[in-house]
Amino acid sequence: MALHLVSVDEHSPAQRLGLNAGTELLAIDGNELSDALDYQFYTAAPHFTLTVCENGIRRDIAVEKGEYEPFGCNFKTYLGDEKHSCDNHCMFCFIDQLPPGMRPSLYFKDDDERLSFLYGNYITMTNLTDREVERIVKLHISPIFISVHTTNPELRVRMMANKRAAETLKYLKVFAEGGIEMNCQLVLCRGINDGNELHRTLDDLLALCPQVNSIAAVPAGVTDYRKGLYHLTPYDAVSAGETLDILEEYSARCRKSFGRSVVYPSDEWYLTAQRPLPEAEFYDSYAQLEDGVGMWRLYHDTFLEELDKPGRTVLPRKIDTVTGTLAAPLIEEMAERLHERYPQVHVTVHAIRNDYFGGNVSVAGLVTGTDIIKQCQGRLSSSTLCVPEVMLRDEKDCFLDDVTTLQLGKSLGCAVEVIPTDGAGCCRAWLGECKPKRKKLHFSFGSGK
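The structure displayed is predicted, hence computed values, not measured ones.

Description of the packing of helix H4 (residues 130–138) against helix H7 (residues 170–177)
Alright, step 1. Running from N to C, H4 and H7 cross one another at 25°; their axes reach a closest spacing of 9 Å. One element, H4, and the other, H7, form an angle in the roughly parallel class. In this structure, the crossing between H4 and H7 has a hand that is right-handed. Across the interface between the two elements, Asp130, Val133, Ile136 and Val137 of H4 pack against Lys170, Tyr171, Val174 and Phe175 of H7.
Alright, step 2. Across the contact of H4 with H7, the residue classes tally to six nonpolar, no polar and two charged.

Quick word on a nonpolar patch on the surface
Alright, step 1. There is a patch of nonpolar side chains on the surface, built from Tyr78, Leu118 and Tyr119 and spanning about 350 Å² of accessible area.
Alright, step 2. Tracing the backbone shows tyrosine 78 in the loop between strand S6 (73–75) and helix H3 (113–119).
Alright, step 3. Judged by relative accessible area, tyrosine 78 falls into the partly exposed class, the value being 49%.

Things to note about the pairing of strand S5 (residues 57–64)
Alright, step 1. Strand direction decides the pairing type here: strand S4 (residues 47–54) and S5, joined by eight bridges, are antiparallel. Residue pairing for S5: phenylalanine 48 is matched across the bridge by valine 63.
Alright, step 2. Two successive antiparallel strands, S4 and S5, enclose a turn made up of two residues, where asparagine 55 displays a positive phi of approximately 55°.

Description of the nonpolar core
Alright, step 1. The biggest cluster of nonpolar side chains holds 89 residues, and the ones touching the most others in it are Phe175, Ile215, Phe303 and Trp430.
Alright, step 2. In terms of residue count, helix H9 (residues 237–258) provides more of this core than any other element does, six residues in total.
Alright, step 3. Ignoring any residue separated from it by four or fewer positions in sequence, one finds phenylalanine 303 in contact with Met334, Leu338, Gly423, Ala424, Cys426, Cys427 and Trp430.
Alright, step 4. Counting residues in hydrophobic clusters, the runner-up holds 19 residues, among them Val367, Leu380, Val387 and Leu408.

Here we look at the environment of cysteine 86
Alright, step 1. Mapped onto the elements of the fold, cysteine 86 is located in the loop between S6 and H3.
Alright, step 2. Each C-alpha atom of the pair cysteine 86 and methionine 125 lies 9.5 Å from the other, and the pair is 39 residues apart in sequence.

Focus: the side chain of arginine 312
Alright, step 1. Within the secondary structure, arginine 312 is located in the loop between helix H11 (295–307) and strand S12 (317–324).
Alright, step 2. A polar contact is formed between the side chain of arginine 312 and the side chain of glutamate 306, at a distance of 2.5 Å.
Alright, step 3. Here glutamate 433 takes part through its side chain, which lies 2.6 Å from a polar atom of the side chain of arginine 312.
Alright, step 4. For arginine 312, the contacting residues outside a window of four places in its chain are Glu306, Leu307, Tyr342, Arg428, Leu431 and Glu433.

Digging into the pattern of salt bridges
Alright, step 1. For the coordinates displayed, the defined rule picks out 21 salt bridges.
Alright, step 2. Put simply, aspartate 35 and arginine 135 hold a salt bridge, and the shortest N to O gap is 2.7 Å. Residue aspartate 35 is found in the loop between strand S3 (31–32) and helix H2 (36–42), and its partner arginine 135 is found in helix H4; the two are separated by 100 residues along the sequence. With respect to class, aspartate 35 is no different from arginine 135; both count as buried.
Alright, step 3. Taking the shortest distance from any N to any O, the salt bridge between arginine 59 and glutamate 54 comes out at 2.6 Å.
Alright, step 4. Arginine 59 sits in the partly exposed class, given a relative accessible area of 35%.
Alright, step 5. Ionic contacts of the salt-bridge type, sharing partners, join the residues Glu306, Lys309, Arg312, Arg428 and Glu433 into one network.

Some thoughts on H11
Every α-helix carries 3.6 residues per turn, so stepping three or four residues along brings you back to the same face.
Alright, step 1. With 13 residues, H11 should cover 18 Å at 1.5 Å per step; its first-to-last C-alpha distance of 18 Å lies within 8% of that length.
Alright, step 2. Every buried residue belonging to H11 is among Trp296, Arg297, Tyr299, His300, Asp301, Phe303, Leu304, Glu306 and Leu307, and all of these are buried.
Alright, step 3. Close packing links the buried residues of H11 with helix H10 (267–273), helix H12 (328–341) and helix H15 (423–430).

Focus on the packing of aromatic side chains
Note on aromatic pairs: each is described by the distance of the centres and the angle between the planes.
Alright, step 1. Under the definition given, this model contains 13 aromatic pairs.
Alright, step 2. On the basis of an interplanar angle of 85° and a centroid distance of 5.1 Å, the ring pair of phenylalanine 282 and tyrosine 283 is categorised as edge-to-face. Note on accessibility: phenylalanine 282 and tyrosine 283 belong to one class, buried.
Alright, step 3. Between tyrosine 283 and tyrosine 286, the ring centres sit 5.6 Å apart and the planes meet at 15°, which makes this aromatic pair stacked.
Alright, step 4. The exposure class assigned to tyrosine 283 is buried, which follows from its relative accessible area of 1%.
Alright, step 5. Residue tyrosine 286 is classed as buried on the basis of its relative accessible area of 17%.

Here's the deal with the sheet that holds strand S8 (residues 144–147)
Alright, step 1. As summarised here, the arrangement of the five strands in space is S7-S8-S9-S10-S11, forming an open sheet in which the pairing is parallel. Among the strands making up the open sheet, the edge pair consists of strand S7 (122–123) and strand S11 (263–265).
Alright, step 2. As paired elements, S8 and strand S9 (residues 182–188) share four bridges and run parallel to each other. Pairing of isoleucine 144 across the sheet is with methionine 182, part of S9.
Alright, step 3. Most of the contacts of helix H8 (residues 195–206) go to S9, to which it runs at about 175°, and overall it touches S9, strand S10 (212–219) and S11.

About the thresholds
Residues numbered from 1 in each chain as written. Predicted model: local features only at pLDDT ≥ 70, side-chain atom pairs only at ≥ 80, totals over all residues. Heavy atoms only, no water. Axes fitted to C-alpha atoms, helices over the stretch in contact; angles between N-to-C directions. Helix = DSSP H or I, 4+ residues; strand = E, 2+ residues; numbered from the N terminus. Parallel < 35°, antiparallel > 145°, perpendicular 65-115°, else oblique. Left-handed = near helix turned anticlockwise from the far one by under 90°. Contact = heavy atoms within 4.5 Å. Nonpolar A, V, L, I, M, F, W, Y, C, P; charged D, E, K, R; others polar. Patch = residues over 30% accessible without salt bridge, like charges linked within 9 Å, V, L, I, M, F, W, Y side chains within 5 Å. Areas by Shrake-Rupley, 256 points an atom, 1.4 Å probe, with all protein chains shown as cover. Salt bridge = Lys/Arg side-chain N within 4 Å of Asp/Glu carboxyl O. Buried < 20%, exposed > 50% of the residue type's maximum accessible area, 1.4 Å probe, protein only. Pairing = 2+ DSSP bridges. Core = buried A, V, L, I, M, F, W, Y, C linked by side-chain atoms within 4.5 Å. Polar contact = N/O pair within 3.5 Å; in protein donor to acceptor, adjacent residues only side chain to side chain. Expected span 1.5 Å × (residues − 1). Phe/Tyr/Trp six-rings, centres within 6.5 Å; stacked < 30°, edge-to-face > 60°.

Pasting the structure below:
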């Protein structure tokens, strides 16, 4: 496979060598180039031989450059080719449960080891080839994030509806022996891969420590859009508590054996089981924060640390903010603590029920503009609504349902401020210290003060 050059950076080694758009990069020092990871790895050296094809003519170019100096080639995509899609049909897949009519990109299921290394996306390993596994070890593509779910081969095939789900479990040992750090994920389905199966999975994965750096366990999300899909029963307080008992038992063992928890239940287990969340020490380096593991604790602690900083001059301020029902108690507590410290600041918290997904999804990141409009219409206490950026796509202007922040503001008759999701950033934003990511509106805000 070749990498097709679309442009080169000015004053780069590639430009100095006369490379132009349309050139095909074939190999470096005899190593075939499959994608941008190969390219980045092999062009880091100060000396190498680049094999290219220009106008159908193949030639070798001796390259000399600074070590780790960017070579300067750009390709059609940041990966050099297209993202690898998922071949599974997991019984718990959240994308299969999305409402119809959303933007097409939301329905794409990636399962790409490059995205795992670059962005922390989880891979199932079912579409990996032996060659790709060898490359991960050779190039030391580490850490990687792996959706394991269960180490029972037969059960993994059943849960993922893919016959390769069993045989690719062998790659866990290959990665461990190759020194690849793995952060593993278990999506637990009630009565399927919890209980005794969870014991088995944790025992198997912990046998691969220290290369298994962390194991995050999260409950399967269930929406109302499961027609034709496997019937899943959401966890309740009792079943969540039973699963949490197992996870915490293993966490305690790991702290004795390895000096860290390794096994990390997501925040949702504690909230569903109605138990207090652990202190910060439990989460060590917060290795799986993006999987909802430790988000509550980190937000809580960093918010209060920021709030306690002295020497502030805080002007009177009245704002509204939205969050999901899961985080609402925490956000409400922080709003009260802030008001105690600065009585001139009033924050009204609106817990948005996720009717768009059927009411069973409670995380803030899946709140839609549609639900905010319906539930905040006529209920705002101020002329400013703060929206955490986790609710918006990367451009920070659009919700999952394609409602824009501008449309939200017009519908509610308010200014919309996009604020940081982290605790410290949120605290500063509420105090008016962050430069607001505000959509300017040209109409009267009405009587809401």
